[in-house]
Amino acid sequence: MSPLQFLASNRFSRYLKLILLVWDTVLLNTAFLLSFNARFQDMRVLEQQEIKTVWLFANALWIGLVLYKNAYKLIRVERVENLLGRTLKLFLFHGSIISVCVLILDYDSISRLFLFYFLAGFYASIVVCRIVFLKLIKYIRAQGYNYRSVIIIGYNKNGEKMHRVLTSDLSYGFRVEGFFDDQSDRSTPRSTDYLGGLDDVEDFLKTHKTHEMYIALDFNQSNRIKEFIRLAEKYMIRLKFVPNFQEYTKARKVTIDFYENTPVLMFRKEPLERPFNRLAKKLFDVVFGLCVIVLVFSWLFPILMIMVKASSSGPIFFRQKRSGEDNRDFTCLKFRTMRVNKLADELQATASDPRITKLGAFMRKTNLDELPQFFNVLWGNMSVVGPRPHMLKHTEEYSALIDNYLVRHFAKPGITGWAQVNGYRGETKELIDMKKRVQFDIWYIENWSLLVDLKIIWLTVKNMITGE
């Protein structure tokens, strides 16, 4: 028996969480001891009470965090980046708590350099081991081991979509046996996929080892669904439902909350609805905004103000009412890039707009005209990153043409955004351009994180430098 066959036959995957927890503890303590030796070259110092306290606290805090956050939860179709993203959040919380405690308790025997060595070494080793571990698991599954035998009830669009997901990558470890369905109006199923009607399911389960059953039937077939629940429990099969939420919403993520014992489904996940996330984004906005104002505005602003004033007659700043969070209007501040005209609040600027000055064209291309909006950030009606605010006339027009247009106003507008770094900035020549922009804005609202904000800021700066 090969090592892979041995691992698969003994189903060590059941104990992965325990194995990972033990391995993390080994890495943490190894990093602690190595960092201590590298910093002090005298292991006898470990006897000090303060060091023992931090050592014990680091272990207890990490174990508590990973268990509370269910950090070892492995989803077969999950990408490596998603798992690393969850782990990074634990790093930030773990490191911050330890560092704050050491500072507040004023532990003189805890060297700040040692603490840096320890945390950096531990986190780096965790990342490397996680990547190696996931690559190994995926390799084992791609070789045909540790697989899950699956049947899908419902040969429809929803069922076919589930089939594509499960079979798109061998490393997911799924073997889809095929579909069961009675519907005669479906397109002719492929012989290799179609296993029979709904009445044939039990006969199949009697003769084939099946691990999971995915039900993609419409919920109005409740009697049939109850029958499959009974069969799944009778043959010890894990049952999963594939509801077709896309009939009601285009959102890719949904969340379920329980009001007492009643499940309540929400079609759109909004990370910024959590108080901690809103606070984190607010602190980031204030700190980043102040840094830009102090480090950049102090020397760049006077230069740009003189140049704008010299380029054409009129005010230095352009003020315009725009749609903000919850569709409340606010005054958006920009450097003036056009000659003074009466159509500024009604007519969108185009690439060859005669109203734009030569300096204004350069400032628009490099986004320098948006810099005054950092004051909007400090005033609290804008964020550094978010959906770009549109003038009131555009909000009124596009909200009538695009059903989910106003969803972008669930978040504060930003100086830059996910749509802009993906090419949807400036003039919208056709309705499809605005629809695409709205899709990117909604994606940002549903997938917000500080890492996403940092990525958008980096891409914005890169685009400013390259002139895109």
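Values in this document were obtained by computation on a predicted structure and should not be read as measured data.

1. As for the overall build of the protein
Looking only at helices and strands, the protein features 15 helices and eleven strands. By the burial criterion, 43% of the 468 residues in the protein qualify as buried. Counting only contacts in the protein whose residues sit at least 6 apart along the sequence, the fraction spanning at least 24 positions is 69%. About 26,800 Å² of surface is accessible on the protein, with carbon and sulfur atoms providing 60% of the total.

2. Notes on helix α2 (residues 16–40)
Taking 1.5 Å as the rise per residue, α2 with 25 residues should run 36 Å; its terminal C-alpha atoms sit 36 Å apart, in good agreement. Looking at α2, one finds that the buried residues are L16, L20, L21, D24, L27, L28, N29, A31, F32, S35 and F36. Positive backbone phi, at 55 degrees, marks Q41, one or two positions downstream of α2.

3. Observations concerning the pattern of salt bridges
In this structure the tally under the stated criterion is 16 salt bridges. Residue K234 pairs with E202 through a salt bridge whose shortest N-O separation is 2.9 Å. Placement of the pair is K234 in helix α8 (residues 222–234) and E202 in helix α7 (residues 201–207), with a sequence separation of 32 residues. The exposure class of K234 is partly exposed, given its relative accessible area of 48%.

4. Focus on the packing of helix α14 (residues 431–447) against helix α15 (residues 450–466)
Direction vectors running N to C along α14 and α15 enclose 140 degrees, while the axes themselves pass 9 Å from each other. Between α14 and α15, the crossing angle belongs to the class labelled oblique. The residues of α15 that touch α14, namely those facing W443, Y444 and N447, are V452, D453 and I456. Tallied by class, residues from the contact of α14 with α15 come to four nonpolar, one polar and one charged.

5. Some points on the side chain of H94
With respect to the helices and strands, H94 occurs in helix α4 (residues 80–105). Of note is the side chain of H94, whose polar atom sits 3.1 Å from the backbone oxygen of A58. Discounting residues that sit within four places of it in the chain, H94 has contacts with L28, A58, L61, W62, L65, L119, F122 and Y123.

6. Re a nonpolar patch on the surface
Taken together, Y15, L18, I19, V22, W23 and V26 make up a surface patch of nonpolar side chains, about 580 Å² in accessible area. Tracing the backbone through its elements, the reader meets V22 in helix α2. Overall, the relative accessible area of 47% leaves V22 in the partly exposed class.

7. Details of the pairing of strand β7 (residues 262–266)
Here strand β6 (residues 255–259) pairs with β7 via five bridges, running antiparallel. For F258, the partnering residue across the bridge sits in β7 and is P263. Counting the residues between successive antiparallel strands, the hairpin from β6 to β7 contains two residues, one of them, E260, with a positive phi of roughly 60 degrees.

8. Focus on the nonpolar core
Counting 34 residues, the largest nonpolar core has W62, V66, I98, V102, I110, F118 and F122 as the members making the most contacts within it. Counting residues per element, the ones that place at least two in this core are α2, α3 (49–68), α4 and α5 (112–142). Leave out the neighbours within four places in its chain, and I98 touches V54, F57, A58, L61, L115 and L119.

9. A short note on the environment of S149
Here S149 is to be found in strand β1 (residues 148–153). What makes S149 buried here is its relative accessible area of 2%. Along the chain, S149 and T210 lie 61 residues apart, while their C-alpha atoms are 5.1 Å from each other. With sequence-adjacent residues up to four places away left out, S149 is seen in contact with R175, E177, K209, T210, H211 and E212. A polar side-chain atom of S149 sits 3.2 Å from the main-chain carbonyl oxygen of K209.

10. Some points on the packing of aromatic side chains
The geometry of an aromatic ring pair is captured by the separation of the ring centres together with the interplanar angle, meaning the angle of the planes. Applying the stated criterion to the full structure yields 26 aromatic pairs. Measuring from centroid to centroid gives 5.9 Å for W62 and F91, while their planes differ by 25 degrees, and the two rings are stacked. Taken together, the residues W62 in helix α3 and F91 in helix α4 connect sequence positions 29 residues apart. The exposure class assigned to W62 is buried, which follows from its relative accessible area of 1%.

11. What about the confidence of the model for the protein?
Any residue range with low pLDDT should be treated as having predicted coordinates unsuitable for detailed reading. Considering every residue of the protein, the mean pLDDT works out to 83; 90% of them sit at 70 or more. When pLDDT is averaged over each element of the protein, strand β10 (residues 383–385) comes out on top at 95 and helix α1 (residues 3–10) at the bottom at 55.

12. Points about the environment of L21
Mapped onto the elements of the fold, L21 is located in helix α2. Taking the C-alpha atoms as reference, L21 lies 8.8 Å from L67; in sequence the two are 46 residues apart. Leave out the neighbours within four places in its chain, and L21 touches I63, V66, L67 and Y72.

13. Looking at the side chain of E325
Topologically, E325 is positioned in the loop between β8 (317–323) and β9 (329–335). For E325, a relative accessible area of 13% gives the class buried. Leave out the neighbours within four places in its chain, and E325 touches R278, H409, F410, A411, K412 and P413.

Conventions adopted
- Residues numbered from 1 in each chain as written.
- Predicted model: local features only at pLDDT ≥ 70, side-chain atom pairs only at ≥ 80, totals over all residues.
- Heavy atoms only, no water.
- Helix = DSSP H or I, 4+ residues; strand = E, 2+ residues; numbered from the N terminus.
- Buried < 20%, exposed > 50% of the residue type's maximum accessible area, 1.4 Å probe, protein only.
- Contact = heavy atoms within 4.5 Å.
- Areas by Shrake-Rupley, 256 points an atom, 1.4 Å probe, with all protein chains shown as cover.
- Expected span 1.5 Å × (residues − 1).
- Salt bridge = Lys/Arg side-chain N within 4 Å of Asp/Glu carboxyl O.
- Axes fitted to C-alpha atoms, helices over the stretch in contact; angles between N-to-C directions.
- Parallel < 35°, antiparallel > 145°, perpendicular 65-115°, else oblique.
- Nonpolar A, V, L, I, M, F, W, Y, C, P; charged D, E, K, R; others polar.
- Polar contact = N/O pair within 3.5 Å; in protein donor to acceptor, adjacent residues only side chain to side chain.
- Patch = residues over 30% accessible without salt bridge, like charges linked within 9 Å, V, L, I, M, F, W, Y side chains within 5 Å.
- Pairing = 2+ DSSP bridges.
- Core = buried A, V, L, I, M, F, W, Y, C linked by side-chain atoms within 4.5 Å.
- Phe/Tyr/Trp six-rings, centres within 6.5 Å; stacked < 30°, edge-to-face > 60°.
- pLDDT = per-residue confidence, 0-100.

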